Amino acid sequence: MLATSALVLLACGGGPGAAGGERIAFLLPETKTARYETQDRPAFEARLAEICPSCEAIVHNAGHDAARQQSQAEAAITNGASVLVLDPVDAVSAGVIARHAAASDVPVVTYDRLLFDAPVAFHVTFDNERVGMIQAQALVAAVDDALEEGQLVVLNGATTDANAAEFRRGASLVFESRGVRIGAEVDVPDWSPDLAQESMERAIATLGRGSIVGVYSANDAMAGGAIAAMRSAGLAPLPPVTGQDAELAAIRRILTGEQHMTVYKSFRTQAQVAAEVAYALARDGAVPAGVATSEIDNGAGPVPTLRLTPVAVTRDTIATTVIADGMWTVDEVCRDLASACEQAGVSR
Amino acid sequence: MAAAHHRAGPGSGRIAGRIANRWGAPAGLATIWLVLTLINPRFLSAVNLTNLVLQIVAVGAIAVGVVLVLLIGEIDLSVGAVSGLGAAVVAVASARYGLGPWLAILAGLAVGALAGAVHGLLVAHLRLPSLVVTLAGLLSWQGALLFVLGDTGTVNVTDPTLVAIAGSFVPPAAGWLLAVGVALLAVAVLVRHWRRGDRAPAALLPWAAAAVGAPAVMAVFNLDRGVPVVALLFLGLIVIFDVLVRRTRLGRHSIAIGSDATAARRAGIPVDRVRVTLFVLASMLAVTGGILGASRLLAVNQSSGSTDLMLGAIAAAVIGGTSLFGGRGSVWSALLGALVVGSVANGLDLLGVSSAARSLVTGLVLALAVALDTVSRRSADAAGPTLAPR
């Protein structure tokens, strides 16, 4: 079997070189959080097509499987990708991908999540500690006086994601300075909404319905799970819940008052920056001067990093943030919610 | 590929069944490779073939264990979970408790043996259906995996020996030496068969393939990084277990049990003991696969030992030509099947299609393989009811 393949291989002349423009791989981690397929991917593809019409984006989503991401990275490199833009499933084991890329002379740009102990050419992310602080400050302000009697439930992100630790650190700083009581704190595996829902059900069962005055959820998908758990447990009115990512479902929950706030990070900007830097790396072999604002040591050396600034979104600021930026249209946000939209000042 | 069929007998239906059984998988693999290459020639590049091998060894090793339990007419749904658990034990023993690499591997294999013994005893002595026992095992061992991994949810593999398993390649010169050695050996066997008058194509073909194939495969690997050490490990596993199945009493007993357990018991075969032994071996092979996977990923995390791994391994065994109905199959089918399943995944990644398409295509190939298996069994039954006990 293998013998015949060797003959075919020789007939084909081995690995052909890339014809025409550059190929740039964009490796996304999962599909449960809406942002990757609905925001990052189209923005990246559009920006790359804009600055280099003959370039080709190779986009893969690993569906939260680190081994699968490794295979996808290998496929991209085999397919002649000249730069990998990588959002690692597992910040630690992604080092293998970066080392394999380095061995093939393919630079790696890490996207959103940094990887460790392997060479990285550029890192584009948000100020994650700041995200945690914004969430916690908004929650504390919303709960206000009730903080004296009640306690909070805290749902952190996956421990395999280095960002989750930074969100948590930022939030803890605020909670500690205010002396907030935390009744239950869970690190939710895979950022899974289902597991967030289960964790919330457990917290309601152990703490009792009356004592939960607020829920810190690190992102919108988990906030959805937590809210579902509270609704089915009959909590009314719902305590304030935080989120992150400005998912459409979350914006609509904010309009209806089920969720208190979310954090808007312009994924479009992030994806555009990544596409531009990746193209520059493919063309010139270097990151353009002035793009990076800081450096992070990832264990293999300093990584030039751009940290974008996150923005809080509440009912009153939906119109001036996600709508004004074109992340969501009024039609998408206001479908069947016309009166809520009117009250929040969201209109065409 | 060696002996895919163990019972000989006359009858055209049987011969048709034999042909379908023995050549179905190689023909399928050839078709898949041809199609993928036509769409994207990079599929057959040395780099990609090396990647393909690295991608399939974990599933392949697990599939060897699946072949063993299928041979006695049982099933093991827990292989994925056991592989994850075993790999986690190895990683934790090495990274958190500072055990040496070999001791850590032994600990992992011991956990695997224990899990397999539990399955085997429940199936053999309590007469519980293996489907249910190993389904319960799947759930329990997944829980045990999370427990062993602890709060962090991921454990790095940093020990140089463990890293080297999947990360090292045989230097080209040594590789050539090995390939030429294998080729010479195969030629020697061929000559011996020929002189003895044993000139049946079935006896000669595997050795002829080895004589031509070994240097050819080596040529391909040496265009890239050289032969991956794991490829040799995997091949070694196949050869060892192929000999075990075909040439030892345990192997003959297994096939007898898979063909007809009652008859085997009457013939004085220690049916229960053989069953327990094979479940133990299957779980240990699953752990071996888990270790190979962990060495490639350099970490064990919560998604290690997923149901995908189990489904892939069982699909590989069946696609390779091992019967779901027991008593018929070959250890080589683990290699063939893993190549088919791995090629589909690898090729569709190269083409940049979604995970949905990957599952769809793998499912179709599996359905085709099971259909072939059923048809060939039916034709075997029709051809010789007295010789075929089922």
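Within each chain, residue numbers correspond to sequence positions counted from 1 in written order. Written order decides the labels, with chains lettered from A and ligands numbered from 1. Totals for whole chains, interfaces and linings use all residues, but because this is a predicted model, local features are given only for residues with pLDDT of at least 70 and pairs of side-chain atoms are given and counted only at 80 or more. Side-chain figures throughout are based on the complete set of non-hydrogen atoms in the structure, without hydrogens or water.

1. With respect to the overall build of chain B
Helix and strand definitions here come from DSSP, where helices need a minimum of 4 consecutive H or I residues and strands a minimum of 2 consecutive E residues; each element is numbered from the N-terminal end. Tallying secondary structure elements over chain B gives 15 helices and 4 strands in all. Taking 2.2 N^0.38 as the reference for a compact globule, 390 residues should give roughly 21 Å; the C-alpha atoms of chain B span a radius of gyration of 21 Å, in line with that estimate. Over its C-alpha atoms, taken along the principal directions, chain B stretches across nearly 60 × 55 × 40 Å. Burial status follows relative accessibility: with a 1.4 Å probe on protein chains alone, a residue under 20% of its type maximum counts as buried, one over 50% as exposed, and anything between as partly exposed. Counting across all 390 residues of chain B, residues that qualify as buried make up 53%. What makes two residues a contact is simply this: any of their non-hydrogen atoms within 4.5 Å. Counting only contacts in chain B whose residues sit at least 6 apart along the sequence, the fraction spanning at least 24 positions is 80%. In this tally, Lys and Arg are treated as positive and Asp and Glu as negative; His is ignored, and so are the chain termini. All charge positions are set by atom: Lys at NZ, Arg at CZ, Asp at CG, Glu at CD. Taken as two groups, the 26 positive and 13 negative side-chain charges of chain B have centres that lie 11 Å from each other. Radius of gyration means the value over C-alpha atoms here, while the globule rule gives 2.2 Å times the residue count to the 0.38 power.

2. Notes on the domain arrangement of chain A
Residue and element names in this part refer to chain A. Each domain's extent was defined by an automatic or database domain assignment. Domain boundaries in chain A define domain 1 (23–127 + 265–309) and domain 2 (128–264 + 312–343). Put simply, the middle of domain 1 and the middle of domain 2, counted by C-alpha atoms, are 28 Å apart. Contacts between domain 1 and domain 2 engage 22 residues on the former and 24 residues on the latter. Contact between domain 1 and domain 2 buries roughly 1800 Å² in total, counting both sides, with carbon and sulfur atoms accounting for 44%. Here the quantity called buried area is the accessible surface, traced with a 1.4 Å probe, that two parts lose on coming together, added over both.

3. Describing the interface of chain A and chain B
Between chain A and chain B, the contact holds 37 residues from the first and 37 residues from the second. Around 3200 Å² of area is buried between chain A and chain B when both sides are counted, 58% of it from carbon and sulfur atoms. Counted as salt bridges are all cases of a side-chain nitrogen of Lys or Arg within 4 Å of a carboxyl oxygen of Asp or Glu. Where chain A touches chain B, the interface holds 2 salt bridges. A salt bridge links B:Arg296 to A:Glu74; its shortest N-O distance comes to 2.8 Å. N or O atoms within 3.5 Å of each other form a polar contact, as long as, within protein, one can give a hydrogen and the other can take it, and as long as residues adjacent in sequence are counted only when both atoms are side-chain atoms. Counting across the interface, chain A meets chain B through 11 residue pairs in polar contact (both at pLDDT 80 or more). Secondary structure elements with two or more residues in the side of chain A that touches chain B: helix H1 (2–12), strand S2 (56–61), helix H3 (66–78) and helix H4 (94–103) of chain A. No other element matches H3(A), which puts 9 residues into the side of chain A that touches chain B. Under the scheme applied, nonpolar residues are Ala, Val, Leu, Ile, Met, Phe, Trp, Tyr, Cys and Pro; charged residues are Asp, Glu, Lys and Arg; polar residues are all the others, including Gly. Classifying every residue of the side of chain A that touches chain B by side-chain character gives 14 nonpolar, 16 polar and 7 charged.

4. A closer look at the pattern of salt bridges
Applying the stated criterion across every chain, the model contains 21 salt bridges over all chains. Between A:Glu276 and A:Arg47 there is a salt bridge, with its nearest N and O atoms 2.5 Å apart. Pair noted here: A:Glu276 is in helix H10 (residues 267–284) and A:Arg47 is in helix H2 (residues 35–51), with a separation of 229 residues, a long-range link. Notably, a salt bridge pairs B:Arg246 with B:Asp242, separated by 3.2 Å at the nearest N-O pair. Residue B:Arg246 and its partner B:Asp242 are located together in helix H9 (residues 229–247), separated by 4 residues, close to a single helical turn. With relative accessibility at 6%, the residue B:Asp242 sits in the buried group.

5. Some remarks on the state of the cysteines
All names here are of chain A. Two cysteine sulfur atoms form a disulfide, by the criterion used here, when they sit within 2.5 Å. Counted according to the given criterion, the structure contains 2 disulfides over all chains. With its sulfur 2.0 Å from that of its partner, Cys52 forms a disulfide with Cys55. The S-S bond linking Cys52 to Cys55 shows a torsion near 80°; that makes this disulfide right-handed. Residue Cys52 is classed as buried on the basis of its relative accessible area, which comes to 6%. There is a disulfide in this structure between Cys334 and Cys341, and the S-S distance comes to 1.9 Å. The sign of the -95° torsion about the S-S bond sets the Cys334-Cys341 disulfide as left-handed. On the accessibility criterion, Cys334 (13% relative accessible area) is buried.

6. Topic: helix H5 (residues 130–149) of chain B
Owing to its 3.6 residues per turn, the α-helix aligns residues three or four sequence positions apart on the same side. Residue and element names in this part refer to chain B. Expected span, for any helix, means 1.5 Å times one less than how many residues it has. Counted at 1.5 Å a residue, the expected span for H5 with its 20 residues is 28 Å, and the 27 Å between its end C-alpha atoms agrees. Residues of H5 that are buried: Ser130, Val133, Thr134, Gly137, Leu138, Trp141, Leu145 and Leu149. Along H5, the residues classed as buried sweep out an arc of 145° about the axis, all on the same side. For H5, the exposed residues lying more than 90 degrees away from the buried face are Leu139 and Phe147. For H5, the elements touching its buried residues are helix H3 (79–95), helix H4 (101–125), strand S1 (154–156), helix H12 (271–297), strand S4 (299–301) and helix H13 (307–319). Backbone geometry just after H5 places Gly150 at a positive phi near 75°. To be clear, the arc concerns the directions from the helix axis to the C-beta atoms.

7. Considering the nonpolar core
Nonpolar cores are built from buried Ala, Val, Leu, Ile, Met, Phe, Trp, Tyr and Cys residues. Side-chain atoms within 4.5 Å join them into one set. Counting 104 residues, the largest nonpolar core has B:Trp33, B:Val64, B:Phe241 and B:Val300 as its most contacted members. For this core, the leading source of residues is helix H2 (residues 46–71) of chain B, giving 17 residues. When residues of this core are assigned to domains, at least three map to each of domain 1 (52–168 + 229–380) and domain 2 (172–225) of chain B. Contact partners of B:Phe241, with chain neighbours within four places excluded, come to B:Val64, B:Leu68, B:Leu281, B:Leu285 and B:Val331. Residues A:Phe44, A:Tyr111, A:Phe122 and A:Met327 belong to the second largest nonpolar core, which totals 48 residues.

8. Here we look at the sheet that holds strand S6 (residues 151–156) of chain A
The pairing of strands in a sheet happens through backbone hydrogen bonds and is either parallel or antiparallel. Residue and element names in this part refer to chain A. The sheet built from 3 strands is open, its strands ordered S7-S6-S8 with parallel pairing. In the strand order of this sheet, the two ends are held by strand S7 (182–187) and strand S8 (212–217), each with one partner. Put simply, the sheet's adjacent strands are angled 10° from each other on average, direction ignored. A strand pair is defined by DSSP finding two or more bridges across the two strands. Relative to S8, S6 runs parallel, the two sharing 5 bridges. Only the stretch in contact is used when a helix axis is fitted, and all axes are lines through C-alpha atoms; the angle between N-to-C directions ranges over 0 to 180 degrees.

9. A word on the packing of aromatic side chains
Residues and elements named next belong to chain A. Stacked, tilted and edge-to-face are the three classes applied to pairs of Phe, Tyr and Trp rings, where Trp contributes its six-membered ring and a pair requires centres within 6.5 Å; stacked means planes under 30 degrees apart, edge-to-face means over 60, and tilted covers the rest. Tallied over the entire structure, the rule returns 6 aromatic pairs over all chains. The interplanar angle of 15° and the centroid separation of 4.1 Å between the aromatic rings of Phe26 and Phe44 together place this pair among those described as stacked. Taken together, the residues Phe26 in strand S1 (residues 23–28) and Phe44 in helix H2 connect sequence positions 18 residues apart. On the basis of relative accessible area, Phe26 is assigned to the buried category, the value being 0%. The class of Phe44 is buried, set by a relative accessible area of 0%.

10. Concerning the domain arrangement of chain B
Split into domains, chain B comes out as domain 1 (52–168 + 229–380) and domain 2 (172–225). Computed over C-alpha atoms only, the centres of domain 1 of chain B and domain 2 of chain B are separated by 28 Å.

11. Digging into the pairing of strand S3 (residues 81–86) of chain A
Residue and element names in this part refer to chain A. Among the 6 residues in S3, 6 count as buried, and that is most of the element. Here 5 bridges tie S1 to S3, and the two strands are oriented parallel to one another. Note that in S3 the partner of Arg23 across the bridge is Ala81. Where S3 meets strand S4 (residues 108–111), 3 bridges bridge the pair, whose relative direction is parallel. Residue pairing across strands places Leu84 opposite Val108, the latter belonging to S4. This β-α-β element, S3 to H4 to S4, shows right-handed connectivity. When the strands point away from the viewer, a crossover counts as right-handed if the path from the first strand over the helix to the second runs clockwise.

12. A look at a nonpolar patch on the surface
Residue and element names in this part refer to chain B. Residues enter a patch when their relative accessible area is above 30% and they make no salt bridge; the linking distance is 9 Å between like charges and 5 Å between nonpolar side chains (Val, Leu, Ile, Met, Phe, Trp, Tyr). Method for areas: the Shrake-Rupley scheme with a 1.4 Å probe, in which residue coverage is limited to the protein chains shown. Side chains of Leu34, Val35, Leu38 and Ile39 sit close together on the surface and give an oily, nonpolar patch of about 420 Å² of accessible area. Inspection of the secondary structure puts Val35 in helix H1 (residues 12–39). The partly exposed category is assigned to Val35, whose relative accessible area is 42%.

13. Regarding the environment of B:Leu237
Along the chain, B:Leu237 falls in helix H9. B:Leu237 sits 51 residues away from B:Thr288 along the chain, and the two C-alpha atoms are 9.9 Å apart.

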